[in-house]
Amino acid sequence: MKNFTIVLIMIFLPLTAIKAQNPNREKLEAYRIGFFTKKMNLTSEEAEKFWPAYNDFQKERIELQKERIMLNRDFNQNGRTLNDKELTEIGDKLMNTISKESDLALKFHEKLKELLPPYKVVQYYQAENQWKAQLLNQLQENRPAQRPNQRF
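Cut-offs used in this document
Residues numbered from 1 in each chain as written. Predicted model: local features only at pLDDT ≥ 70, side-chain atom pairs only at ≥ 80, totals over all residues. Heavy atoms only, no water. Helix = DSSP H or I, 4+ residues; strand = E, 2+ residues; numbered from the N terminus. Expected span 1.5 Å × (residues − 1). Buried < 20%, exposed > 50% of the residue type's maximum accessible area, 1.4 Å probe, protein only. Contact = heavy atoms within 4.5 Å. pLDDT = per-residue confidence, 0-100. 1 Å grid on protein atoms, 1.4 Å probe; cavity = no way out; pocket = protein on both sides within 12 Å on 5 of 7 lines; lining within 4 Å. Points joined across faces, edges and corners; volume = space filled by probe spheres on them. Nonpolar A, V, L, I, M, F, W, Y, C, P; charged D, E, K, R; others polar. Phe/Tyr/Trp six-rings, centres within 6.5 Å; stacked < 30°, edge-to-face > 60°.

## Section: helix H5 (residues 118–142)
Stage number 1. Look at H5: 36 Å from first C-alpha to last across 25 residues, which is about the 36 Å you get at 1.5 Å a residue.
Stage number 2. For H5, the complete set of buried residues consists of Lys120, Val121, Gln123, Tyr124, Ala127, Glu128 and Trp131.
Stage number 3. On the buried face of H5, the contacting elements are helix H2 (23–40), helix H3 (44–78) and helix H4 (84–115).

## Description of the confidence of the model for the protein
Stage number 1. When pLDDT is averaged along the protein, the result is 84, and 81% of the positions lie at 70 or above.
Stage number 2. Ranking the elements of the protein by mean pLDDT puts helix H1 (residues 2–18) last with 42 and H4 first with 95.
Stage number 3. With pLDDT under 50 throughout, residues 1–19 is counted as low confidence; its partners more than four residues away or in other chains account for 26 contacts.

## Focus: the layout of surface pockets
Stage number 1. Roughly 200 Å³ of internal volume is contained in the second largest pocket.
Stage number 2. Lining of the second largest pocket is provided by Leu28, Tyr31, Leu135, Gln138, Leu139 and Asn142.
Stage number 3. Looking at the lining of the second largest pocket element by element, the count peaks at 4 residues for H5.
Stage number 4. Per-class residue counts for the lining of the second largest pocket are 4 nonpolar, 2 polar and no charged.

## Looking at the packing of aromatic side chains
Stage number 1. One pass over the full model with this rule turns up 17 aromatic pairs.
Stage number 2. Between the aromatic rings of Phe35 and Trp131, the centroid separation amounts to 5.3 Å while the plane-to-plane angle is 50°, which identifies the pairing as tilted. Here Phe35, found in helix H2, pairs with Trp131, found in helix H5; they are 96 residues apart in sequence, far enough to count as distant. By the burial criterion, Phe35 is buried, and Trp131 matches it.
Stage number 3. By way of ring pairs, the aromatic residues Tyr31, Phe35, Phe36, Phe50, Trp51, Tyr54, Phe57, Phe108, Tyr124, Tyr125 and Trp131 are connected into one cluster.

Below you can see the structure in the form of structure tokens.
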């Protein structure tokens with residue numbers, strides 16, 4: 001257990017240094033590490049291999065998502081003034097980022113198969129779905145109640 005705690009600290013420290021400006025994000029990262037580690041029942045050796053690969057995957061995925069968000073923002077702000085060629089270009093770029101995200105997910109899946117036994121690979125996907133569902137539930141619970149006369 002002591003080794004496991006040391007591994008978590010080694011993994012978590014670089015994340016906290018990067019995200020030190022946002023204490024809520026730090027708490028969320030710590031909770032996510034605990035959540036996934038518990039749901040996947042990772043040993044300290046598995047965690048030592050999994051977390052660096054997962055963090056790299058997340059970093060690349062976030063960059064692709066930022067690119068897609070910027071393309072959507074550009075369309076939302078300028079869509080009515082863009083010509084067909086520019087609109088086609090934005091559409092092609094959007095599909096390219098989606099394709100890259102898919103390729104990245106497949107690459108990560110192959111990496112997971114190298115690092116973890118098959119059962120834990122599938123447990124990762126289950127944990128990912130449970131994590132997302134839990135975050136959505138918490139967001140809904142923490143959302144202030146909307147008044148009946150309040151407009152959307």
